[in-house]
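A closer look at the structure
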Amino acid sequence: MTPGARAQAAIELLDGIVRAAREGGAAADTLIARYFKTRRYAGSKDRRAIRELIYRAIRRTGEVPASGRAALVGLAREDAALAAAFDGAPHTPAPIAADEEGSPAGALPRWLADRIDPSEHAALLERAPLDLRVNHSRADRDAIAALLPDAQPTPFAPHGLRLPEGTPIEASAPWVDGLVEIQDEGSQLIALAGQAAGGMTVLDLCAGAGGKTLALADDMGGGGRLIASDTNRARLDRLAPRAQRSGFGGIETRLLDPGREMATLGDLRDACDVVLVDAPCSGTGTWRRNPEARWRLTPDRLARLVETQARLLDLAADLVRPGGALVYAVCSLLDEEGAGQLRAFLGRRSSFAAAQLPFSAGRYQDGGTLLSPGHDGTDGFFVARLVRA
């Protein structure tokens, strides 16, 4: 494919990505995979080049662009080689008019620009590293690092390794043998905040596909009782094969009915040593991995998420035994989802008090800790450990 044909393909894909962002459709990666599935003529170099163009345009555009062409024209205004590809030949974009407007550059949507520390804006658009968690109950971090060229210990997570982006980890022996999991260092620290151990009853309330569940199982050494619950069947079903590969059997799973969770969890009332609430959130802390998510977040959606987080915190509080711990986490840099949510909860639940976290990363915020790409090199998370009297 010529540079112009690649640019035209990027515009077509960006049109679909913009439309999906506005309408709540499929993610960019999914749309890109579908596009190339029906266009076998695009070779691997073409696919990589088109994907790179798309994500360059997405990362530089904080506001939802008017169209795919507007997004790519904005990028072309900063890239003479790309601008030259708009030559009007067959299967290429029409030339850019002198007065044609492209999407303006920006890190964040305007309505959020003053609600996230400006020192974090650039870091939110950087590419994220590839972090691994070593299954420490089965393997030694240094021994695994020796098997993976370029692996470096993570600065804060005691069982983490960091590799360059794009490392084909799933072809490596440690992955095949179930000795490592792909997991951002921030997520590893959240699981560590649970201080789970063998013999405990531990609930991962919003388990999703079970990444943090597996970290908890590792800390428990495969002992005790570990329950993973979620409202999304498809995501929860992904836990079983992951647990089998990692060697952690016996994890209970419970599918929840949204709004009626206690009907499934009632037997755990006042019974859990640890409840982890990795709550649904804006995802502002993970935009370097999923930059088009900036186009999907709206003030109304954020308000609904904050309500859900508060409800899940109250639900989790009823499941913690006296003396047990509730770990609250959101992959967000926004106060209303993090420290503000924690302040409101402690105002409602006087039997809980914030406790010290077992790691040094992050910045203290009203009883919890904020981890961030710019300050810590992790994804952005707010996390707090709350102990019941």
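As named in an unreviewed UniProt entry, the protein chain is Fmu (Sun) domain protein, taken from Rhizorhabdus wittichii. For the record of the protein chain, the UniProt heading Sequence similarities (unreviewed entry) holds the text "Belongs to the class I-like SAM-binding methyltransferase superfamily. RsmB/NOP family."

With that settled, consider the overall build of the protein chain. For the protein chain, the count of helices and strands is 16 helices and 13 strands. Taking 21 Å as the expected radius of gyration for a compact globule of 389 residues, we find that the protein chain reaches 22 Å, a close match to that expectation. Projected onto the principal axes, the alpha-carbon positions of the protein chain cover approximately 70 × 45 × 35 Å. A burial count over the protein chain gives 52% of its 389 residues as buried. For the protein chain, restricting intrachain contacts to residue pairs at least 6 apart in sequence, the fraction spanning at least 24 positions comes to 72%.

The sheet built from four strands is open, its strands ordered 2-3-1-4 with antiparallel pairing. Looking at which strands have only one partner, the edges of the open sheet turn out to be strand 2 (152-153) and strand 4 (180-182). Pairing between strand 1 (residues 130-134) and strand 3 (residues 160-163): four bridges, direction antiparallel. Bridging across to strand 3, Arg133 finds its partner in Gly160. Most of the contacts of helix 10 (residues 211-219) go to strand 1, to which it runs at about 35 degrees, and overall it touches strand 1 and strand 4.

Quick look at the UniProt feature "binding site: S-adenosyl-L-methionine" (unreviewed entry) in the protein chain now. Per the UniProt record, "binding site: S-adenosyl-L-methionine" (unreviewed entry) is annotated on Asp230, Asp257 and Asp278. Looking at the secondary structure, you find Asp257 in the loop between strand 7 (252-255) and helix 13 (262-265). Mapped onto the fold, Asp278 is located in strand 8 (residues 272-278). Not counting residues within four places of it along the chain, the set of residues in contact with Asp278 comprises Cys206, Lys212 and Ala329. A polar side-chain atom of Asp278 sits 2.7 Å from a polar atom in the side chain of Lys212.

Helices that pack against each other are described as a pair by the angle of their axes relative to one another and the distance between those axes. As a packed pair, helix 10 and helix 12 (residues 239-246) sit with axes 10 Å apart at the nearest point and diverge in direction by 35 degrees. The chirality of how helix 10 crosses helix 12 is right-handed. Along the contact surface, helix 10 presents Gly211, Thr213 and Leu214, while helix 12 presents Leu239, Arg242, Ala243 and Ser246. Looking at side-chain class alone, the contact of helix 10 with helix 12 contains three nonpolar, three polar and one charged residues.

This next bit is on the pairing of strand 8. Counting buried residues along strand 8, seven of its seven residues qualify, which places the element largely inside the surrounding structure. Sheet analysis places strand 5 (residues 201-204) next to strand 8, joined by three bridges and oriented parallel. The residue of strand 8 that forms the bridge with Asp204 is Leu276. For strand 8 and strand 9 (residues 320-330), the ladder comprises six bridges, and the chain directions are parallel. Counted as the bridge partner of Asp278 is Ala329 from strand 9. The parallel pair strand 8 and strand 9, bridged by helix 14 (residues 299-317), forms a crossover whose chirality is right-handed.

This paragraph deals with the nonpolar core. Ranked by internal contacts, the top residues of the largest apolar core, which has 71 residues, are Leu203, Leu205, Ile251, Val275, Val277 and Leu326. Core analysis: the second largest hydrophobic core is formed by 31 residues, Tyr35, Ile50, Tyr55 and Leu82 among them.

On to the UniProt feature "active site" (unreviewed entry) in the protein chain. Within this numbering scheme, the UniProt entry marks Cys331 as carrying the feature "active site" (unreviewed entry). When you line up the elements, Cys331 lands in the loop between strand 9 and helix 15 (339-348).

Three or four residues apart is the spacing at which side chains of an α-helix point the same way, because the helix has 3.6 residues per turn. Under the 1.5 Å per step criterion, the end-to-end length of helix 14 is 27 Å for 19 residues, consistent within 8% with the ideal 27 Å. Of all the positions in helix 14, only Leu302, Leu305, Gln309, Ala310, Leu312, Leu313, Leu315, Ala316 and Ala317 are classed as buried. Taken together, the buried residues of helix 14 touch helix 13, strand 8, strand 9, helix 15, strand 10 (352-355) and strand 13 (381-388).

Of note in this structure, Gln195 is not a glycine but carries a positive phi near 50 degrees. Within the secondary structure, Gln195 is located in the loop between helix 9 (185-193) and strand 5. Residue classification places Gln195 among the partly exposed residues on the basis of a relative accessible area of 39%.

Conventions we followed
Residues numbered from 1 in each chain as written. Predicted model: local features only at pLDDT ≥ 70, side-chain atom pairs only at ≥ 80, totals over all residues. Heavy atoms only, no water. UniProt positions renumbered as here; feature names shortened; annotations may be inferred. Helix = DSSP H or I, 4+ residues; strand = E, 2+ residues; numbered from the N terminus. Rg over C-alpha atoms; globule rule 2.2 N^0.38 Å. Buried < 20%, exposed > 50% of the residue type's maximum accessible area, 1.4 Å probe, protein only. Contact = heavy atoms within 4.5 Å. Pairing = 2+ DSSP bridges. Axes fitted to C-alpha atoms, helices over the stretch in contact; angles between N-to-C directions. Polar contact = N/O pair within 3.5 Å; in protein donor to acceptor, adjacent residues only side chain to side chain. Left-handed = near helix turned anticlockwise from the far one by under 90°. Nonpolar A, V, L, I, M, F, W, Y, C, P; charged D, E, K, R; others polar. Right-handed = clockwise from strand over helix to strand, strands pointing away. Core = buried A, V, L, I, M, F, W, Y, C linked by side-chain atoms within 4.5 Å. Expected span 1.5 Å × (residues − 1).

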